Amino acid sequence: MKQETFINENRPHESAIKHVTGKAYYTDDIPEPPGTLYGAIGWSKKAHAIIKKINLDKVFKSEGVVAVVTSDDIPGRNDVGPVYDGDPIFPKKAEYYGQPLFAVAATTTELARKAVLAAKISYKTLKPITTIKEALKKKSFVLKERVIKKGEALKAIESSVHRLKGNFTTGSQEHFALEGQSAFVIPQEDNDFKVFSKTQHPSETQQIIAKMLNQKSNSITVETRRLGGSFGSTETQSFIFAAICTLLAKKTKRAIKLRVDRDDDIIITGKRHDFYSEYSVGFDELGVITGLKLKLASRCGISPDLSGAINERALLHVDNAYYLENVLVENYLCKTNTASNTAFRGFGANQAMMVIENIIDHIATTLNKDSAEIRRRNFYQKKKKNITHYNMKIEDNVIQEIYDQLIKSSNYKSRQLSIKKFNSENKYIKKGICFTPVKFGISFTTWHLNQAGSLVHIYYNDGSVHVNHGGVEMGNGVHTKIAQLTAHALGINFSKIKVSATTTDKVPNTSASAASSTTDLNGAATLNAISKIKMNLAAYVKRKYKIKNSEGIYENGMVKFKGKTFKFNKLIKEAYLNRVSLSSTGFYTTPKIHFDKKTFKGRPFLYFCYSAAVSEVMIDTLTGENKILRADILHDAGRAINPAIETGQIEGGFVQGAGWLGCEEVVWKTNGQITTHSPSTYKIPAVSDMPEKFNAEIFKKGINIENVINKSKTTGEPPLMNAMSVFFAIKNAIASIGNYTANPKLDAPATPEKILMSIKNLKRKI
Amino acid sequence: MTSSNIDFVYQDRIFEIKNPDPNEILLNYIRTKLKKIGSKNGCSEGGCGACTVVLGEIKNNEINYKAINSCITFLPTLQGKQLILVEDLISKNGSLHPVQQAMVNYHGSQCGICTPGFVMSLFSMFKKKSKFKDDEIRDSISGNLCRCTGYQPIIKAAKSLKNKNKIDHFTKNKKNIINLLKKINNKSVVIYNKGKKYFAPQYVHELKKILKKNIDANFLSGGTDLSLTVTKERKDIHSIIYMNSISELNYIKNNNKYIEVGASTPLIELESYIKKYYPDFTKILRRYGSPQIRNVATVAGNIATASPIGDCLPLLLSLNAQVVLQDLKKNRILFLDDFFISYRKTKLKKGQFISSIRIPILKGNILKSYKVSKRFDDDISSVCAAFNLEIVKNKFHSVTIAYGGMAAIPKRAIHCEKILSNSLVTDEIIHKAKKALERDFKPINDMRASGSYRMNIAKNLLEKCCAEIKQKKLIGIYF
């Protein structure tokens, strides 16, 4: 009989059948008790204004309206800021266009949404700050600027053979999870509330609602079964909706459902930080960087939210896969009158990596050399040049191996030649190709968040297993992978495992499902719980059958001890009848990590993920339209628990990244009003944006040298950055117009308009 | 027969809704009244496909399975149709439909919320097409957004359907459904509900009578624009006349001089019909919107909306199309060029309706059309251009050029046309003609494109058109 291991195999998502039959519940789908009301939020039409008066008379009188809440209804903390204050639920002064001011509950969602339009609000308009440059000029910051350094960057630049200067911008990005923000709250006895929230962070939702209501945390239970995508959009931005929904439930004493309209969702919530950078770089004749000075400024919006951690991760990733001897980075966290920008897959790292990739690209065109070769020459090495700018020694470096394999498997060199030939023969249509690497650090940079809990029950009746852990299923496959780990650890069939909703009354004090760490942390905590139950079982067997120090081998529904073998179900039932606990909590903390935020030194990451991509694009120089012809990705997932899920992340992350750097453009008017707030105006990649040829491979030799579950490596965020290759392939195609001798100026996103502008500017230069 | 109730077929039986709210949205009905939560609300504007359901309609004694966006469909338009939801694909013995099984096998879902929409779009393709060519697959899901997968596993799932047995439980039950549909599809609907009126006539003579008494009524054709008044602006529409219930107006005729397209003909039908006359017309219609939109939207609706970015309009203008207007007494035929007045304003008078569009069949001319937008699939044009050129012996004879996205209305480029007409085809003339576009248009900045970019590509598209003619090949990246 073939031994079933359940890990290292392609297994469909645990909810796949429910997904395809429409039977999977998302927050808005949960059946409602009779009398449920529906919420809607009224928000500011000014980006910066003193609110003189909110007249809600007509709102109250609107059809179907049962209750209205304003800041007066908040008994406790009027703020949902996760780390710092600054995100009022209902503010006194409007600080961005779209900031919530009040909310209503009505008998239907449609009536609630109609009612909020009847509000009469008078404002005294103030001048808004709407761009990074304006904020820099006016020194408008959400947190203090910071400077990090290693070596002597300025001296090194000055004494280098070549020097370059420039600036570069990457744009914002709307998460556009297909499930929008939503919450559903049911009042309980004792003034308790059961909160169903679309959130990556049930524990913090619980805490924020408790503080808002001036109630104990134990009176609020937050439950999340699954999210319809999130990508960072509900790490903190969901709090205000769960809070408002609870406030309406408290006021009406009825269940409230709040599903936020797509436009309102995009208008109200924060997005990816756009970054503006200025650089000065010194390098030798081989293109190796000798010194780098950077100014890194991000748009944070009105409040700190997670901007401190996001900018910190940016600072930790300005090196990407490159050894930097001398670095000086100034980092500015700009306060603007726009929604507070927040977590988004990559969390600042991708923005910083684009900065260094753009610099390397600039160096390559300046030296008229192949950019892949310049990249390779700057790679971290194994025995020397292996200390990061934050003093962490890199011990798991495989970027050179990935480079070698991918350059070969993608036929990079011969394709480069045929592209040059194509370009010389075609006046209007140009092709470009580019290789970019990824090195991404895994662990929360905030030390205490690197912990996780789990709760495992085995039922004596049939040996079925129930697992709850702190991670949230949002398409990441965490429940599937943890069920696989559980089935493997107990040697029983996958179908006997149920991994269910994340709930604060089962596993408390959890961290957000974020930082690509969800399966690493919660999987390890679950295995810890299982090992405790196994210890109980072993102790029982030892006691009863006098078997010495045997832990038991769990395989194929059997449990083998030295000299005694049980059927799993039989052992469980027997253990129950002998009063053995078949339930346990589990706990995990990430080892080895430490980081001094002041000196910016330490080991913030347990390990690094490595990846690389080669993309080939085609552009139309008459219109700027562009297309990805082929993408080859090689990604180190360690020993993947479920290669199909990891491949899904690798491909999906790439396309999402290509959207960020390509067709996705967030536009604000000078008055701070966002104008891209629906799928008709904000374009995420659709099916034709997928590369025509798309080869995503897992690096077969990959293994995690650290003690991570199954020796796997996460795939959550890092694949997104492989899309950098698309952007620089576009730049490469543009550069062909000047015979690769001049560096085109191109900022992200590379919309058709930006590409055409870049071509025009380049033609002027040559 | 006239009735204030609507009848539709759902799960093998006839459902009747008594006097529904004319503004009620189908998705809302599905989720809150039928209590089926598989269809999701992602955007309320037909832009994400999460709400996709399939409607079965009788056509030549067969059922035509159309994917539509239920989030922008008015409930009363369900009259006479079969409603198929993602929940209904599973067969009675509990086995998954081949489309569903393929999505499971190829890991087509990650978070799963867009999945029901994809399943329904693929189901519609599965029922309508036989070969599932790569471009058919891409087109069939071009109106469905997925933020997780990057589409590769969904494409693989769709490709795997090529080898599947096409007989599903819908095939087996077809006769029964056709009989049910025949029982209900022969009636006109008149609804009065809380001050809101809805008319779905079956014949033109009925329409005329209704129009006489309801001169301010809104025409509902595909409704992909009108419905946003309800879903986005959150306003009521008090009086609606549904045009697509009039089968007399659903036709494509051809008298060798022109193609006549009836007002209620969906774009998707024109798309396949017109290919042999004007391949570029078909090319642009493919990019007009998703199949969910093209399945219901009509040329007449596009004309009546008079949007500056209506993608049919530059083509129709450049072809000198005519619009046939009718009122109680007479027909009036206008050149489309004379029909648009200003931003979203036309010469359509109260009491009049568009009954058809006449598209001239030009034999010696070259028609080329281009659409530029941020995204290939389902996006609104930054600029859409159409060039109708008659070139004889390297000389431009008749030249008709029109652009969308360049002015408040879709508009001819008169100055540009003048430069080209009766001139030799030379680089110098083309350069002059490009320059003349600056006199024709002063395009605006918005979130889609800046005015200067629009002007730039308007010029470059003319250059591209001429280069393509000269080099006798297509120049571009989308073929």
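Every residue gets a number counted from 1 within its own chain, in the order that chain's sequence is written. For this description, chains carry letters from A and ligands carry numbers from 1, given in the order in which they are written. Under the rules for a predicted model, residues below a pLDDT of 70 receive no local features and side-chain atom pairs below 80 are neither given nor counted, while totals for whole chains, interfaces and linings still include all residues.

We now examine the overall build of chain A. Helix and strand labels come from DSSP, where a helix needs a run of H or I of at least four residues and a strand needs a run of E of at least two; each type is numbered from the N terminus. In terms of helices and strands, chain A carries 19 helices and 29 strands. By the compact-globule yardstick of 27 Å for 766 residues, chain A fits well, its C-alpha radius of gyration being 27 Å. With C-beta atoms placed from the backbone, the exposure class of a residue follows from how many other C-beta atoms lie within 10 Å of its own: 20 or more, buried; 12 or fewer, exposed; in between, partly exposed. When each of the 766 residues of chain A is scored for burial, the buried share is 63%. The contact rule is simple: place each C-beta atom from the backbone, and if two of them lie within 7 Å, those residues are in contact. Taking the contacts inside chain A whose residues are at least 6 apart along the sequence as the reference set, 80% of them involve residues at least 24 apart. Here the globule rule reads 2.2 Å times residues to the power 0.38, and the radius of gyration is calculated from C-alpha atoms.

Counting secondary structure elements, chain B contains 18 helices and 21 strands. Taking 479 residues into account, the globule formula puts the C-alpha radius of gyration at 23 Å, and chain B, at 23 Å, falls close to it. Principal-axis analysis of the C-alpha atoms gives chain B an extent of 70 × 55 × 40 Å. Counting the 479 residues in chain B, one finds 55% classified as buried.

All names here are of chain A. In this entry, domain limits derive from an automatic or database-based domain assignment. Taken domain by domain, chain A comprises domain 1 (33-127 + 181-227 + 234-268), domain 2 (275-445 + 596-765) and domain 3 (451-589). Relative to domain 3, the C-alpha centre of domain 2 lies at a distance of 40 Å. Contacts between domain 2 and domain 3 engage 13 residues on the former and 16 residues on the latter.

Residues and elements named next belong to chain A. Here a helix's expected span is defined as the number of its residues, less one, multiplied by 1.5 Å. An ideal rise of 1.5 Å per residue puts 27 Å on 19 residues; helix H10 (residues 349-367) measures up with 27 Å between its terminal C-alpha atoms. With 17 of its 19 residues buried, H10 lies for the most part within the structure. Just downstream of H10, Asn368 is the residue with a positive phi angle, here 55 degrees.

All names here are of chain A. Strands pair, by our definition, only if DSSP identifies at least two bridges between them. The strand order across the open sheet formed by four strands is E16-E27-E28-E29, and the pairing between neighbours is mixed. The open sheet is flanked by strand E16 (429-442) and strand E29 (693-698), the only strands paired with a single partner. Ignoring strand direction, the axes of neighbouring strands in this sheet form an average angle of 15 degrees. In terms of strand pairing, strand E28 (residues 626-635) meets E29 through six bridges, oriented parallel. Only the contacting stretch of a helix is used when fitting its axis, a line to C-alpha atoms as for every element, and angles between N-to-C directions run 0 to 180 degrees.

Each nonpolar core consists of buried Ala, Val, Leu, Ile, Met, Phe, Trp, Tyr and Cys residues. Their C-beta atoms, within 7 Å, join them into a set. In terms of nonpolar packing, the biggest core is built from 376 residues, with A:Val104, A:Ala243 and A:Ile244 touching the most fellow members. Leaving out residues up to four positions away in the same chain, A:Ile244 has contacts with A:Gly39, A:Ile41, A:Ile89, A:Pro100, A:Ala103 and A:Leu258.

The next thing to look at is the domain arrangement of chain B. The domains assigned to chain B are domain 1 (1-189) and domain 2 (366-471). Here the C-alpha centroids of domain 1 of chain B and domain 2 of chain B sit 39 Å apart.

Turning to the sheet that holds strand E23 (residues 564-567) of chain A, a few remarks are in order. Within a beta sheet, neighbouring strands are joined by backbone hydrogen bonds and run either parallel or antiparallel to one another. All names here are of chain A. Ordered by their spatial adjacency, three strands build an open sheet running E21-E22-E23, and the pairing between neighbours is antiparallel. A strand with exactly one partner marks an edge of an open sheet, and here the two such strands are strand E21 (553-555) and E23. With strand direction ignored, the average angle separating the axes of adjacent strands in the sheet is 20 degrees. Across three bridges, the pairing between E21 and strand E22 (residues 558-561) is antiparallel. Each residue of the ladder has a partner; that of Ile553, found in E22, is Lys560.

This part is about the packing of H10(A) against helix H11 (residues 371-378) of chain A. Angle between the axes and distance between the axes: these two values describe a pair of packed helices. All names here are of chain A. Axis separation between H10 and H11 bottoms out at 9 Å; the angle between their running directions is 120 degrees. Between H10 and H11, the crossing angle belongs to the class labelled oblique. As H10 runs across H11, the sense of the crossing is right-handed. Residues Ile360, Asp361, Ile363 and Ala364 of H10 touch H11, and the partners they reach there are Ser371, Ile374, Arg375 and Asn378. Its residues placed into classes, the contact of H10 with H11 shows four nonpolar, two polar and two charged. Oblique is the label for any angle not under 35 degrees, not over 145, and not in the 65 to 115 range, which are roughly parallel, roughly antiparallel and roughly perpendicular in turn. Left-handed is the label given to a crossing in which the near helix is rotated counterclockwise from the far helix by less than a right angle, and right-handed is the label when the rotation is clockwise. Following the grouping adopted for this structure description, the nonpolar residues are Ala, Val, Leu, Ile, Met, Phe, Trp, Tyr, Cys and Pro, the charged ones are Asp, Glu, Lys and Arg, and the polar ones are all others, Gly among them.

Before going further, it helps to spend a moment on the interface of chain B and chain A. With 60 residues of chain B in contact, the opposing surface of chain A contributes 64 residues. Of all the elements in the fold, those that place two or more residues in the side of chain B that touches chain A are helix H2 (98-105), helix H3 (115-128), helix H5 (152-160) and helix H18 (451-471) of chain B. It is H18(B) that provides the largest number of residues to the side of chain B that touches chain A, a total of seven residues. Residues belonging to the side of chain B that touches chain A are distributed by class as follows: 29 nonpolar, 19 polar and 12 charged.

Here the residue pair A:Ala748 and A:Pro749 is connected by a cis peptide bond, since its omega of 0 degrees sits within 30 degrees of zero. Summarising the element assignment, A:Pro749 is placed in the loop between helix H18 (724-735) and helix H19 (752-765). For A:Asn411, which is not glycine, the phi dihedral falls at a positive 55 degrees. Position of A:Asn411 among the secondary structure elements: in the loop between helix H12 (399-409) and helix H13 (412-425). Backbone geometry at B:Lys194 places phi at a positive 45 degrees, although glycine is not the residue there. Residue placement: B:Lys194 occurs in the loop between strand E7 (188-193) and strand E8 (196-200). C-beta crowding within 10 Å serves as the criterion here: with 10 such atoms nearby, B:Lys194 is assigned to the exposed category.

With respect to the helices and strands, the residue B:Glu206 is situated in helix H8 (residues 204-213). Among residues more than four places away in sequence, those in contact with B:Glu206 are B:Ser188 and B:Pro201.

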